[in-house]
Amino acid sequence: MRAAFIVCLLCLAFAIHAQPAAPLRLADTWPLPEHELPYAGPAPSTHRLHLDLIMFRDTSWEPERILDAVRGGAAILAQCGIRLERAELYRFEGGDPGLRYLSTPVSRQLVRRVRPAKPALFFVRDTRHVPTFDAEAFGSGNTAARPELVFTVWVTAWIRDLPLALAHELAHVLMDSGRHSTEPGNLMRDETAPGNTQLTPEQCAGMIQAGERNGLLQREIAR
């Protein structure tokens, strides 16, 4: 009797584990084509950037806030000759509730399911990582055991200074480095704040070199 009971429990556990993932549906898209992304760099652009942006319908994120922040972040990166050529926001619905949080196991699953182009930005409710950060970037140095997350940025709903935060995290991804700066007014200080928007020539060169090497930036085509 006891053996039969244990077998039943094992069968139930297997059945639960074997349940297919809840359907994840693409609900809406918002493209930002080139004519909606004016380039404001101090010199002609040398490299082009494409971004995929992912959000969920049942969170506090609003599409307009994300798209406006992406434009603002792109204007900051333009000082390095990087031009945002295209961005597209994808809003999903359904799927498991845990997908709305940054958590390595489910976040890896989400990236596998939506298969974004990299770099990709995910706008989530919150993080389950400890220590907690309002945004987190993943490069090649911190994804050996979670390769799906490489060259992604995860932004929580409690983020402050969103355009600055996006530019800061994207710079980490493009440089493929978690290094911060202590220089006053620098974008890469460990905490974003209004007025911290500057990038040094060395930081720009690091973004260009690593971004091109990792396939995240494309050289401009002569027009």
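Going by the structure above, here's the rest.
Quick caveat, the model's predicted, so the values are computed rather than measured.

Draft legend 1. Fine view of the environment of P38. Along the chain, the position of P38 falls in the loop between β1 (24-32) and β2 (47-56). We classify P38 as exposed; its relative accessible area is 71%. Counting along the chain gives 46 residues from P38 to L84, while the straight-line C-alpha distance between them is 8.5 Å.

Draft legend 2. Examining the pattern of salt bridges more closely. Considering all chains together, one arrives at 18 salt bridges under this definition. We note a salt bridge from R100 to D58, for which the minimum N-O separation is 3.0 Å. Residue R100 is located in the loop between β3 (82-94) and β4 (101-102), and its partner D58 is located in the loop between β2 and α2 (63-77); the two are separated by 42 residues in the primary sequence. For R100, a relative accessible area of 4% corresponds to the buried category. You can call D58 partly exposed: its relative accessible area is 40%. Residue E88 is joined to R86 by a salt bridge in which the shortest nitrogen-to-oxygen separation is 3.7 Å.

About the thresholds
Residues numbered from 1 in each chain as written. Predicted model: local features only at pLDDT ≥ 70, side-chain atom pairs only at ≥ 80, totals over all residues. Heavy atoms only, no water. Helix = DSSP H or I, 4+ residues; strand = E, 2+ residues; numbered from the N terminus. Buried < 20%, exposed > 50% of the residue type's maximum accessible area, 1.4 Å probe, protein only. Salt bridge = Lys/Arg side-chain N within 4 Å of Asp/Glu carboxyl O.

Read these as geometric descriptors, not functional statements.
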